[in-house]
Amino acid sequence: QVHLVESGGGLVQPGGSLRLSCAASGFFFSSTTMRWYRQAAGKERELVAGITSSTTSITDYADSVKGRFTISRDNAKNTVYLQMNSLKPEDTAVYYCMAPVRRHDYWGQGTQVTVSS
């Protein structure tokens, strides 16, 4: 059974940093592309960052986070991370990790990130 658990969210001041984690189980993690999405109140869910399987580990980012966020993976721990630096109030959202497994997209429960002074 696929299971994704996000952690690391919280309240941070503008300009601050947070690192989100997503612990995965129930599928072959190292061969699976992993993605982070976010959804702000009243807005559509949007793709933030993605990282391909460990063979290539190619990363891509939304324009709004390029240069500030970094996605990475630790296949030994079945975990994907999102390092978020220089946070802005507009980064406030619930952040979700997603894994496409066997033609189905699996989602975690999300972790709230609030950027406010």
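To be clear, the structure that these remarks concern was listed above.
Not measured: the values here are computed from a predicted model.

Would you take a moment to explain the state of the cysteines for this structure?
Counted by the stated rule, this structure contains 1 disulfide. Paired by a disulfide, Cys 22 and Cys 97 hold their sulfur atoms 1.9 Å apart. Every disulfide takes its handedness from the sign of the S-S torsion; for Cys 22 and Cys 97 that torsion is 45 degrees, giving right-handed. Of this pair, Cys 22 sits in strand E3 (residues 18-25) while Cys 97 sits in strand E9 (residues 93-101), and the two are 75 residues apart along the sequence.

When you look at the nonpolar core in this model, what are you seeing that I'm missing?
When a protein is soluble and globular, its nonpolar side chains tend to lie buried together. Phe 27, Trp 36, Leu 82, Met 84 and Tyr 95 are the most contacted members of the largest nonpolar core, which totals 29 residues. Elements supplying a minimum of two residues to this core: E3, strand E4 (34-39), strand E5 (46-51), strand E7 (69-74), strand E8 (79-84), E9 and strand E11 (111-115). For Tyr 95, the residues in contact, after removing those within four places along its chain, are Glu 6, Leu 20, Trp 36, Tyr 37, Arg 38, Val 48, Phe 69, Leu 82, Met 84, Gly 110, Thr 111 and Val 113.

Just to check I follow, could you spell out the packing of aromatic side chains for this structure?
Aromatic ring pairs are defined here through the distance separating the ring centres and the angle between the ring planes. On inspection of all chains with the given rule, the structure shows 3 aromatic pairs. Ring geometry for Phe 27 against Phe 29: centres 6.3 Å apart, planes inclined by 50 degrees, an arrangement best described as tilted. Phe 27 gets classed as buried once you look at its relative accessible area, which sits at 12%. Through a chain of ring-to-ring contacts, three or more aromatic side chains come together here, namely Tyr 37, Tyr 96 and Trp 107. The ring centre of Tyr 96 lies 3.9 Å from the NZ or CZ of Arg 45, which sits over that ring.

I keep staring at the pattern of salt bridges and nothing clicks. Help me out?
Where charged atoms from two side chains of opposite charge approach closely, those side chains can pair. Across all of its chains, the model carries 4 salt bridges by this definition. Here Glu 46 ties to Arg 38 by a salt bridge, and the two come within 2.6 Å at their closest N and O atoms. Residue classification places Glu 46 among the partly exposed residues on the basis of a relative accessible area of 33%. A salt bridge links Asp 91 to Arg 68, with the nearest nitrogen and oxygen atoms 2.7 Å apart. Of this pair, Asp 91 sits in the loop between E8 and E9 while Arg 68 sits in the loop between strand E6 (59-61) and E7, and the two are 23 residues apart along the sequence. Owing to a relative accessible area of 0%, Asp 91 belongs among the buried residues under this scheme. Within this structure, Arg 38, Glu 46, Arg 68 and Asp 91 form a network of salt bridges that share partners.

Honestly, the pairing of strand E10 (residues 104-107) in this entry has me stumped. Any pointers?
The side chains of a regular strand alternate between the sheet's two faces. With 4 bridges joining them, E9 and E10 adopt antiparallel strand pairing. Bridging from a neighbouring strand, Pro 100 pairs with Asp 105 of E10. Count of turn residues in the E9/E10 antiparallel hairpin: 2 residues, of which Arg 102 carries a positive phi of about 50 degrees.

Procedures and definitions
- The residue numbering used here restarts from 1 in each chain and proceeds along that chain's sequence as written.
- The model is predicted, so local features are restricted to residues of pLDDT at least 70 and side-chain atom pairs to those at 80 or more, both for listing and for counting; the totals for chains, interfaces and linings are taken over all residues.
- The side-chain quantities take in all heavy atoms of the structure and omit both hydrogens and water.
- Sulfur atoms of two cysteines make up a disulfide when they are within 2.5 Å.
- A helix here means a DSSP run of H or I that spans at least four residues, while a strand means a run of E at least two residues long, and both kinds are numbered starting from the N terminus.
- Within this scheme, the nonpolar core is defined by two criteria: the residues are buried Ala, Val, Leu, Ile, Met, Phe, Trp, Tyr or Cys, and they are joined through side-chain atoms within 4.5 Å.
- Each residue's exposure class comes from its accessible area (1.4 Å probe, protein chains only) as a fraction of the maximum for that residue type: buried when under 20%, exposed when over 50%, partly exposed otherwise.
- Between two residues, a contact is recorded if the distance between any of their heavy atoms is within 4.5 Å.
- Only Phe, Tyr and Trp rings take part, Trp by its six-membered ring, and two of them pair if their centres are within 6.5 Å. Stacked means planes under 30 degrees apart, edge-to-face means over 60, and tilted covers everything else.
- Placement of a positive charge over a ring is assigned whenever Lys NZ or Arg CZ falls within 6 Å of the ring centre and within 35 degrees of the normal to the ring plane.
- By definition, a salt bridge exists where a carboxyl oxygen of Asp or Glu is found within 4 Å of a side-chain nitrogen of Lys or Arg.
- Here the rule is simple: two strands pair whenever DSSP picks up at least two bridges between them.

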